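# Examining the three-dimensional arrangement
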Amino acid sequence: MLSKSGILLSVRGPQGGYKLALPPSEYTVASVLRITEGNLAPVACLETEENLCPRKDICSTLKLWEGLEKVIYDYLEGITLEQLAGTDTYPDYVI
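Quick summary incoming for the structure in this document. (Residues numbered from 1 in each chain as written. Predicted model: local features only at pLDDT ≥ 70, side-chain atom pairs only at ≥ 80, totals over all residues. Heavy atoms only, no water.)

## Topic: the pairing of strand β1 (residues 8-11)
How we decide: Two strands pair if DSSP finds at least two bridges between them. Runs of H or I in DSSP of at least four residues are treated as helices and runs of E of at least two as strands, each being numbered from the N terminus.
Direction of pairing for β1 relative to strand β2 (residues 17-20): antiparallel, over a ladder of 4 bridges. For L8, the partnering residue across the bridge sits in β2 and is L20. Turn length for the β1-β2 hairpin, with the two strands adjacent in sequence and antiparallel, is 5 residues, and the turn residue G13 shows positive phi of about 105°.

Below, the structure is given as structure tokens:
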């Protein structure tokens, strides 16, 4: 999955394996999770670019879910693989 997306390069042979196509500082946790897990939306109605839910205009919790989606995306987009690997620090969650 990660090879097909271009994040990982496959190297054949005795010293082969996988390596990142770009430096770890170029990849965010959000970008990897979108490839491996799909959409990061907390509810199904936010999984597509356009919310197709027939109840969206009367949904009393839609703003809550939209806000949560933004917090999740912004946080994960702010952490690189380099930071996650411990070569740097990643941000604490701050309200």
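Once you've had a look at it, read on.
## Considerations on helix α2 (residues 29-37)
Rule in force here: Throughout this description, buried means an accessible area under 20% of the type-specific maximum (1.4 Å probe, protein chains only), exposed means over 50%, and partly exposed covers the range between.
Those residues of α2 that fall on the buried side of the exposure criterion are V29, A30, S31 and V32. Just downstream of α2 lies G38, where phi reads positive at about 90°.

## Digging into the pattern of salt bridges
Stated precisely, the cut-off is as follows: Counted as salt bridges are all cases of a side-chain nitrogen of Lys or Arg within 4 Å of a carboxyl oxygen of Asp or Glu.
Taken as a whole and assessed by the stated rule, the structure comprises 3 salt bridges. Between R34 and E77 there is a salt bridge whose closest N-O contact spans 3.6 Å. You can see R34 sitting in helix α2 and its partner E77 sitting in helix α3 (residues 62-77), a full 43 residues away along the chain. K63 serves as the salt-bridge partner of E66, at 3.8 Å between the closest nitrogen and oxygen. You can see E66 and its partner K63 sitting in helix α3, 3 residues apart, about one turn around the helix. For E66, a relative accessible area of 29% corresponds to the partly exposed category. Taking the relative accessible area as the measure of exposure, K63 reaches 67% and is therefore exposed.

## Structural notes on the environment of L84
In this fold, L84 is placed in helix α4 (residues 81-87). A residue is classified by how much of its surface remains accessible, and L84, at 47% relative accessible area, is partly exposed. For L84 and V43, which are 41 residues apart along the polypeptide, the C-alpha to C-alpha distance reads 26 Å.

## Here we look at the environment of P42
So the rule is basically this: In this description, contact between two residues means that some pair of their heavy atoms is separated by no more than 4.5 Å.
Mapped onto the secondary structure, P42 falls in the loop between α2 and α3. Between the alpha carbons of P42 and Y75 there is a distance of 14 Å; along the sequence they are 33 residues apart. Sequence-distant contacts of P42, that is, excluding residues within four places in its chain, are made with W65, L68 and E69.

## Quick notes on the side chain of T28
Structurally, T28 is set in the loop between β2 and α2. Beyond its immediate stretch of four places on either side in the chain, T28 contacts L76, E77, I79 and T80.

## What about the packing of α2 against α3?
In plain terms, the rule: Axes here mean lines fitted to C-alpha atoms, for a helix over just the part in contact, with angles spanning 0 to 180 degrees between N-to-C directions. Polar here means any residue other than Ala, Val, Leu, Ile, Met, Phe, Trp, Tyr, Cys and Pro, which are nonpolar, and Asp, Glu, Lys and Arg, which are charged; Gly is therefore polar.
In the contact formed by α2 and α3, the axes pass within 6 Å of each other and the chain directions differ by 115°. Packed against α2, whose contacting residues are V29, A30, S31, L33 and R34, the element α3 presents Y73, L76 and E77 at the interface. Residues of the contact of α2 with α3, tallied by class, amount to 5 nonpolar, 1 polar and 2 charged.

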